[in-house]
Amino acid sequence: MALLSSSLTRFCCLRTNRINNGLYSPYLPCQYRLYSTSQVRRGLGRYVQIVNSKYESFLKTRFPRFFQLYHTFVEGIKLLFRDCKEVKRIKVNMHSDKLQFKDLPYRDMERLRQFRRDVGKAVPLLVISIPPFANYLVFLLMYFFPRQLLIPHFWTPRQQLEFRGVSHSMRFQQYQPVLSGLQNLKVSEGVLQKRLQNLCVKVQNGVTPQVSEILAVRNLFSGPPLGVKRMSNEQMRLVSPLLFLTPRLPSFLMSRRLQRSGSELLHLDRALSRLGVQNLSEAELRQACFMRGLYSSSLTVPQCREWMSRWLHLSNSLKDSEVSLLLHSIVFLSANYRH
């Protein structure tokens, strides 16, 4: 028993000496430790910043073109994370306040709409990158087809202007086929058909019609033959590219997408009316005009405001069931708007 007690005493003394003579002990106060966790974190953060700064300087000097792509990608990631946070905030507010999409303020509504569109564009690319080593193929596709595959967060300022022009040019090519489709339409009421044909001829002759002339044919766009759920397949395929929607879908899907996009546009217009066009920044104003069919890059800010006021005058006069007329007004109001 005495031998066991002596052994325990020597073991405890040895353990105590090892702990107290060592470089680190969990029983020592924090001020006696070599480094604290926060100091290590700050030190690593400064080190990463220094390395990143030197790396960017190297790229900027030796590979300026690649540096521009790299810088655009980094800034795009930041913008994307910012948008994710904003969308999360909007979703939380909608859930807590029991709000629907149509009840949101204009800027929240527009951010949510654009985020949904961007995510829908990015999902196919993510699916392609799932197989092993497929990410290298994705990088090549992103480099050679940035307009088709990348969302605007990852475009350079020059690409944003260039791609907007390309998109509008493709949309503009649909204006004449849409008008021709309306002219060839057979309407039972002769008066309405005459008004519609006169409206189309006026646009084809380079004249922007008055809002009252567009509203005069509204009855044709609430039911057959031009209601959003009653249009012919051919007319739906002509109208879909006006909203940058693919026409290569079954008719029931095209009708559903046109209905959803038209309703979103109508709710955005009502929210913008509550906000006021004069409260939009220049970038917001030009984006709003472009979304509704106007190539705003060639216009001044007062011209954009004038056109948007005319558009809102029309939109605020329409019912939910007349959303098809709003979609066709992309052609009526923007085809010849020049000063």
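It should be noted that the structure appears before, not after, this text.
About the cut-offs
- Residues numbered from 1 in each chain as written.
- Predicted model: local features only at pLDDT ≥ 70, side-chain atom pairs only at ≥ 80, totals over all residues.
- Heavy atoms only, no water.
- Salt bridge = Lys/Arg side-chain N within 4 Å of Asp/Glu carboxyl O.
- Buried < 20%, exposed > 50% of the residue type's maximum accessible area, 1.4 Å probe, protein only.
- Helix = DSSP H or I, 4+ residues; strand = E, 2+ residues; numbered from the N terminus.
- Expected span 1.5 Å × (residues − 1).
- Arc of directions from axis to C-beta.
- Contact = heavy atoms within 4.5 Å.
- Phe/Tyr/Trp six-rings, centres within 6.5 Å; stacked < 30°, edge-to-face > 60°.
- Lys NZ or Arg CZ within 6 Å of the ring centre and 35° of its normal.
- Polar contact = N/O pair within 3.5 Å; in protein donor to acceptor, adjacent residues only side chain to side chain.
- Patch = residues over 30% accessible without salt bridge, like charges linked within 9 Å, V, L, I, M, F, W, Y side chains within 5 Å.
- Areas by Shrake-Rupley, 256 points an atom, 1.4 Å probe, with all protein chains shown as cover.
- Axes fitted to C-alpha atoms, helices over the stretch in contact; angles between N-to-C directions.
- Left-handed = near helix turned anticlockwise from the far one by under 90°.
- Nonpolar A, V, L, I, M, F, W, Y, C, P; charged D, E, K, R; others polar.

Further remarks concern the pattern of salt bridges. Following the criterion strictly, the structure yields 14 salt bridges and no others. The residue Arg82 makes a salt bridge to Asp83 at a minimum N-O spacing of 3.5 Å. Given a relative accessible area of 46%, Arg82 falls into the partly exposed group. In this structure, Arg116 and Glu264 form a salt bridge, with 3.8 Å as the shortest nitrogen-oxygen distance. Of this pair, Arg116 sits in helix α4 (residues 106-128) while Glu264 sits in helix α12 (residues 251-275), and the two are 148 residues apart along the sequence. Since its relative accessible area comes to 16%, Glu264 is described here as buried. Salt bridges sharing partners connect three or more residues here, namely Arg82, Asp83 and Arg111.

For helix α7 (residues 157-172), built from 16 residues, the straight-helix expectation of 22 Å at 1.5 Å per residue is met to within 8% by its first-to-last C-alpha distance of 23 Å. Regarding α7, the residues found buried are Gln159, Phe163, Ser167, His168 and Arg171. Along the axis of α7, the buried residues cluster in a sector spanning 160 degrees; they form a single face. Residues of α7 that are exposed and point over 90 degrees away from its buried face: Arg158 and Leu161. Looking at the packing, one finds that the buried side of α7 touches α6 (146-149), α8 (175-183) and α13 (282-291).

Another aspect to go through is the packing of aromatic side chains. On inspection of all chains with the given rule, the structure shows four aromatic pairs. For the pair Trp307 and Trp311, a centre-to-centre distance of 5.6 Å together with 25 degrees between the ring planes defines the contact as stacked. Highlighted residues: Trp307 and Trp311, both in helix α14 (residues 301-315), separated by four residues, approximately one helical turn. The exposure classification of Trp307 matches that of Trp311, with both residues buried. Over the ring of Phe290 we find Arg164; its NZ or CZ atom is 4.8 Å from the centre of that ring. Taking NZ or CZ as reference, Arg171 lies 4.8 Å from the ring centre of Phe290, over its face.

The topology assignment puts Ile151 in the loop between α6 and α7. Judged by its relative accessible area of 7%, Ile151 falls in the buried class. C-alpha of Ile151 to C-alpha of Asp118: the two residues are 33 residues apart in sequence and 5.9 Å apart in space. Look past the residues within four positions of Ile151 in its chain and what remains in contact with it is Leu80, Asp118 and Lys121.

Okay, unusual backbone geometry next. The omega torsion across Pro224 and Pro225 is 10 degrees, close enough to zero to call that bond cis. The residue Pro225 is located in the loop between α10 (211-215) and α11 (233-239) in this model. Not every positive phi belongs to a glycine, and Lys98 is a case in point at roughly 55 degrees. With respect to the element layout, Lys98 can be found in the loop between α3 (64-97) and α4. The exposed category is assigned to Lys98, whose relative accessible area is 72%. At Phe244, a residue that is not glycine, the phi angle is positive and equals roughly 60 degrees.

Within the secondary structure layout, Gln159 lies in helix α7. For Gln159, a relative accessible area of 17% translates into the label buried. In this structure the side chain of Gln159 is engaged in a polar contact, spanning 3.0 Å, whose partner is the backbone nitrogen of Thr156. If sequence neighbours within four positions are ignored, Gln159 has contacts with Pro146, Phe154 and Arg164.

Quick look at a nonpolar patch on the surface now. Taken together, the side chains of Phe58, Phe63, Phe66, Leu69, Leu140, Tyr143, Phe144 and Phe145 make up a nonpolar region of the molecular surface, amounting to roughly 820 Å² of accessible area. For the nonpolar patch, the elements supplying multiple residues, two or more each, are α3 and α5 (134-144). It is α5 that contributes the most residues to the nonpolar patch, three residues altogether.

This paragraph deals with the packing of α12 against α14. With their axes 10 Å apart at the nearest point, α12 and α14 run at an angle of 115 degrees to one another. Regarding α12 and α14, the two cross each other, and that crossing is left-handed. On α14, the residues touching Leu265, Leu266, Asp269, Leu272 and Ser273 of α12 are Met308, Trp311, Leu312 and Ser315. Of the residues contributing to the contact of α12 with α14, the split by class is six nonpolar, two polar and one charged.

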